[in-house]
Amino acid sequence: MTVAQGRSNYLRLLPVVIFVVIAGFFAMALRSGDPSLLPSTLVGKPVPQTTFPAVEGLEVTAGKAEPGFTSADLAKGKISVVNYWASWCVPCVDEHPMLEQLKEESGVDIYGVNYKDQAAAARRFLGRYGNPFTAVGTDADGRAAIDWGVYGTPETFVVNGKGHVIYKHVGPITPESLKTKLLPIIAKAKVEAAAGAAGPSS
């Protein structure tokens, strides 16, 4: 076998190897019961350039429309959280009180992305369970979810003030994951952001 043939065979096998590695991560997450073990290529990188249109007819208060948001809103110097959810998602119902608690205990803005849903269903969901979101955008066709590397709903991203993803939580937030993962990560990010804003000491 020539060197060129060997290299060609290697290139043919590369997609298979990548698939096996990813499948291994999925299997590990399923066996451990911890979906957060699923890999995310976004961690440490800027959020994808995205525009999430507002949910049609959703109002903050009577006569005041709930805004959508863009990726630029996530890079304004404040730690924020992006949560992918849907009215048809059963785990999202279980998770919803945790989002309220996350907002209360961390003080961060939470941006909701309503995924492959109907506007009327999204409005009913938030009307019934409450609206913890600073803004709610839509990803009606799921295209933005591909850029964000979303496996399914719910998924939650912690974003630093520069618009970089610093943590991804796959699956519903639980009291344990809120206490041991999300809140400590947000607290650490706030400290780092404050230190960066202060600059080097003289």
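Quick notes on the rules
For every chain, the first residue of the written sequence is number 1, and numbering continues from 1 along that sequence. For this predicted model, a pLDDT threshold of at least 70 governs which residues receive local features, and a threshold of 80 or more governs which side-chain atom pairs are given and counted, while totals over whole chains, interfaces and linings are taken from all residues. To obtain the side-chain values, all non-hydrogen atoms of the structure were used and water was disregarded. Per-residue accessibility, obtained with a 1.4 Å probe over protein chains only, is compared with the maximum for each type, and a residue is labelled buried under 20%, exposed over 50%, and partly exposed between these values. Each helix is a run of DSSP H or I of at least 4 residues and each strand a run of E of at least 2, with the numbering of both proceeding from the N terminus. When DSSP finds at least two bridges between two strands, those strands are taken to pair. Orienting the strands away from the viewer, one traces the path from the first strand over the helix to the second; a clockwise path indicates a right-handed crossover. Definition of a polar contact: a pair of N or O atoms within 3.5 Å, with one able to donate and the other able to accept a hydrogen when the atoms are protein atoms, and with sequence-neighbouring residues admitted only if both atoms are side-chain atoms. Contacts are assigned to residue pairs with any non-hydrogen atoms lying within 4.5 Å of each other. What the arc measures is the spread of directions leading from the helix axis to the C-beta atoms.

A.B. asks: Can you break down the pairing of strand β7 (residues 135-139) residue by residue, with the values?
C.D. replies: Here β7 lies mainly inside the structure; five of its five residues are buried. Burial of β7 is two-sided: the residues Ala-135, Gly-137 and Asp-139 facing one way and the residues Val-136 and Thr-138 facing the other way are all buried. Taken together, the five bridges between strand β6 (residues 109-115) and β7 define a ladder with parallel strand orientation. Bridging across to β7, Tyr-111 finds its partner in Ala-135. In this view, the connection linking β6 to its parallel neighbour β7 by way of helix α3 (residues 119-129) has right-handed handedness.

A.B. asks: Please give an account of the side chain of Thr-50 that cites residues and values.
C.D. replies: Its location among the elements puts Thr-50 in the loop between α1 (3-32) and β1 (51-52). Given a relative accessible area of 10%, Thr-50 falls into the buried group. One polar contact links the side chain of Thr-50 to the main-chain carbonyl oxygen of Pro-48, over a distance of 2.7 Å. Discounting residues that sit within four places of it in the chain, Thr-50 has contacts with Thr-70, Ser-71, Ala-144 and Trp-148.

A.B. asks: So, α3: which residues are in play, and what are the values?
C.D. replies: For α3, the full list of buried residues reads Ala-121, Ala-122, Phe-125 and Leu-126. Mapping the buried residues of α3 onto a view down its axis gives an arc of 130°, with all of them on the same face. When the buried face of α3 is taken as reference, the exposed residues oriented beyond 90 degrees from it are Arg-124, Gly-127 and Arg-128. On the buried face of α3, the contacting elements are β5 (80-85), α2 (90-106), β6 and β7. Within two residues after α3, Gly-130 carries a phi angle of roughly 100°, on the positive side.

Geometric values such as these leave the question of function open.
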